[in-house]
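Analysis of the macromolecular model
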Amino acid sequence: SGDSHARSQNEMSMPLLIHAFSAGLVAPPAGTLIVGGGPAGLATAIALAKRGYKKVEVLDRLPPPPAVDDTAWSDTARFYLIGIGGRGQNALRKIGAWDAIEPFTQPVAGRKDWAPGSGVDGGVLTVRADRPPSNVIQRDRLVSCLLAESRSLGITVRHEVDVASVRWEGGEAVLTCRPCGEEACQLEEAVEGRAAAAAPPASGGEYELRAPFLVASDGVRRTVAAAVEAADRERRWALPGRRFKVTRFEDTSVRVYKTVPFRPPEDWRGDINYSARTAKANFDALPAPGGDYCGVLLIEPEDELTQGLPDVPSARRYFDDLLPMFSPHISDESLQAVIDKPTSRLPQFRYAGPRLHHRNTALLGDAVHSVKPYFGLGVNAAFEDVAALGQALDDSPDLPNALRAFSAKRAGEARVLVQLSRSFDLGGWRSFAFFIGPLILDGIFHGVAPSLFAPNTLAMLQKPHLSFARVRWRKRLDRTIQLAVLAAAATAAGRLAAV
């Protein structure tokens, strides 16, 4: 009901009301630098500002996004859509940023999916009543919302600043920075009181910034993580497995993607995630505020669309054959845009550990865990990282203890998140053994005995109250019992056959 929802929101907001009076609140340092002005970096800045941190500065390599109410957001194909699920929403409420984001999102209550081989009318609609809807927003508009909230709190955000290197001297992190124009930043992306001692030069050379507290949220660039890794390699002695490192996994199921905007017909629901799976591609479409949809088409690098289609009629034949349920709703103008736009690559599976801090520095978000965006876990887990850092600052007597508590809470989660997500994307026979087969088993056993067997892994990962480690433990237990039941059934069937 509305009253219970209001009570829930009030309960989530209570920590924000008592931060200033918490006996365990870490005293704000003289200055804080945050590397990375994406969703996690700006959410961190907001969380710190709401805890009384006055000298918070965010550094980001890219230019600022359009304002939250800019007409640019009506161009659906221009921006990547992401879903903020229950995990992300809960974390953003704890951070105190959800109210700044929610008005610009589109709720999604369920999914309609076309399985391989199903016809145009073969889509299956599933509306999830067991969890709150996800809220969809353009990734850059999410940044714009958080940027506006940050500025309203007095946070300094510097754009087009590249952090070239990091070192630690005494109790400070020292960042070597340089201006990074939009063109230079985009080229590099294609390849893969303020804490500042002085204001940066208007253009040209490098300069240094110093801070007693540093938060790294610089995404897949990982300048800070690389510096921590290098610093740990220079340590003369460390317990086995205790040196910080970034673990990278080989991509055994390489896919590229193109975004495909379309306008669904009037009789289609506008609060549904539409998807289709075929032998050669996967298509997943989310609604944008305003009624349009934008789909992500995952294809192999050798696909004919990747290699280049000559004209709109060729593209129309391609989509008529591949996605006949969507093709009539894709305009010729959109098809031309699909032809013209180059394919994009997905991030690799990586995680950092076994700790997520170094001296006075915390690492979070994509800087410590990156996954392919199939199941909406990346940004949601990043917001959970931010909320966990805030909780650690609330519960600890000083910054070193807070950073250790944060690492203990989230390092294992980063590792398990990436390992689980990668198990869904192994490709070939391993996809059936570790993903499709277990989904089938879970569907059968949970359907027969829901009080004994949990839902499938994907459904459990969306439950905000369950840690990733808890989900993995529970599914291992389920799998053990399932295999035991199947073995017993097979033995009994064999004995009956022998009689």
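Placed above this text is the structure.
Residues numbered from 1 in each chain as written. Predicted model: local features only at pLDDT ≥ 70, side-chain atom pairs only at ≥ 80, totals over all residues. Heavy atoms only, no water.

Remarks on the packing of aromatic side chains
The condition that has to hold: For this analysis, a ring pair means two rings from Phe, Tyr or Trp (six-membered ring only for Trp) whose centres lie within 6.5 Å, classed as stacked if their planes differ by under 30 degrees, edge-to-face if by over 60, and tilted for the remaining angles. Think of it this way: any DSSP run of H or I at least four residues long counts as a helix, any run of E at least two long counts as a strand, and we number them from the N terminus. Relative accessible area decides the class of each residue, using a 1.4 Å probe on protein chains only: under 20% of the type maximum gives buried, over 50% gives exposed, and in between gives partly exposed.
Under the definition given, this model contains 16 aromatic pairs. Seen in terms of ring centroids, W268 and F326 are 5.9 Å apart; in terms of plane orientation they differ by 80 degrees. Their pairing is edge-to-face. Placement of W268 in the loop between strand 14 (256-262) and strand 15 (272-277) and of F326 in the loop between helix 9 (312-322) and helix 10 (332-340) is noted, with a sequence separation of 58 residues between them. We classify F326 as buried; its relative accessible area is 0%. Cluster of aromatic residues (ring-pair linked, three or more members): W114, F262, W268, Y274, F283, Y293 and F326.

Some remarks on the sheet that holds strand 7 (residues 134-138)
Stated precisely, the cut-off is as follows: Strand pairing is assigned whenever DSSP detects at least two bridges linking the two strands. A fitted line through C-alpha atoms represents every axis, and for helices the fit uses only the stretch in contact; the resulting angles, taken between N-to-C directions, go from 0 to 180 degrees. Contact definition: two residues touch when any of their heavy atoms are within 4.5 Å.
Taken in spatial order, the three strands line up as 3-7-4 in an open sheet, and their pairing is antiparallel. Taken across any chain shown, the strands that pair with only one partner, and hence form the sheet edges, are strand 3 (81-84) and strand 4 (106-108). Averaged over all adjacent pairs, the angle separating strand axes in this sheet is 35 degrees, with direction ignored. As paired elements, strand 3 and strand 7 share four bridges and run antiparallel to each other. Each bridged residue has a counterpart across the sheet, and for I84 the counterpart in strand 7 is N135. Relative to the sheet, helix 5 (residues 139-152) contacts strand 3 and strand 7, its axis offset from that of strand 7 by approximately 90 degrees.

Focus: the nonpolar core
Using the following cut-off: Only buried residues count toward a nonpolar core. Its members are Ala, Val, Leu, Ile, Met, Phe, Trp, Tyr and Cys residues joined through side-chain atoms within 4.5 Å.
Counting residues in hydrophobic clusters, the biggest one holds 73 residues, and the most contacted among them are I95, I101, L142, L175 and V224. With nine residues, helix 11 (residues 378-395) is the largest single contributor of residues to this core. Residues within four places of L142 in sequence aside, it is in contact with P39, I82, I84, I101, I137, V379 and F383. If you look at the next biggest cluster of nonpolar residues, it comprises 28 residues, including F319, L322, I330 and I339.

Considering the layout of surface pockets
Applicable threshold: Definitions used for this entry: grid spacing 1 Å over protein atoms alone; cavity, a set of points where a 1.4 Å probe fits but cannot get out; pocket, an open set with protein on both sides within 12 Å along at least 5 of 7 lines; lining residue, one with an atom within 4 Å of a point. Grid points are joined across faces, edges and corners, and a volume is the space filled by probe spheres set on the points. Charged residues are taken to be Asp, Glu, Lys and Arg, nonpolar residues to be Ala, Val, Leu, Ile, Met, Phe, Trp, Tyr, Cys and Pro, and polar residues to be all remaining types, Gly included.
Volume-wise, the second largest pocket comes out at about 480 Å³. In this structure, the second largest pocket is lined by 20 residues; those nearest its centre are K94, E384, A388, K409 and R410. Broken down by secondary-structure element, the contributors of at least two residues to the lining of the second largest pocket are helix 3 (86-95), helix 11 and helix 12 (399-423). Residue contributions to the lining of the second largest pocket peak at six residues, all from helix 11. For the lining of the second largest pocket, the residue count by class is nine nonpolar, four polar and seven charged.

Observations concerning the packing of helix 3 against helix 11
Rules: These descriptions rest on fixed angle ranges, namely under 35 degrees for roughly parallel, over 145 for roughly antiparallel, 65 to 115 for roughly perpendicular, and the rest for oblique. Crossings are sorted by hand: turned counterclockwise from the far helix by less than a right angle, the near helix makes the crossing left-handed, and turned clockwise it makes it right-handed.
Running from N to C, helix 3 and helix 11 cross one another at 30 degrees; their axes reach a closest spacing of 8 Å. One finds that helix 3 runs roughly parallel with respect to helix 11. Crossing geometry of helix 3 relative to helix 11 is assigned as left-handed. Residues R87, G88, A91, L92, K94 and I95 of helix 3 touch helix 11, and the partners they reach there are N380, F383, E384, V386 and A387. Taken together, the residues of the contact of helix 3 with helix 11 break down into six nonpolar, two polar and three charged.

Notes on the environment of P103
Within the secondary structure layout, P103 lies in the loop between helix 4 (98-101) and strand 4. Given a relative accessible area of 60%, P103 falls into the exposed group.

Concerning the pairing of strand 15
In the case of a regular strand, side chains alternate between the two sheet surfaces. With five of its six residues buried, strand 15 lies for the most part within the structure. Of the strand pairs in this sheet, strand 5 (residues 110-114) and strand 15 are connected by five bridges, and their pairing is parallel. What sits directly across from R111, in strand 15, is N273. Examined bridge by bridge, strand 15 and strand 16 (residues 281-287) share four bridges and lie antiparallel to one another. Note on strand 16: the bridge partner recorded for A276 is F283. Connecting strand 15 to the next strand, strand 16, in antiparallel fashion are three residues.

Overview of the pattern of salt bridges
The condition that has to hold: Here, a salt bridge means any Lys or Arg side-chain nitrogen found within 4 Å of an Asp or Glu carboxyl oxygen.
Within this structure, the stated rule accounts for 30 salt bridges. Across the salt bridge formed by R139 and D140, the nearest N and O atoms sit 3.7 Å from each other. Taking the relative accessible area as the measure of exposure, D140 reaches 32% and is therefore partly exposed. Residues R355 and D232 are paired through a salt bridge, measuring 2.9 Å at the closest nitrogen-oxygen approach. Of this pair, R355 sits in the loop between strand 19 (350-353) and strand 20 (357-358) while D232 sits in helix 7 (residues 223-233); the two residues are 123 residues apart in sequence, bridging distant segments of the chain.

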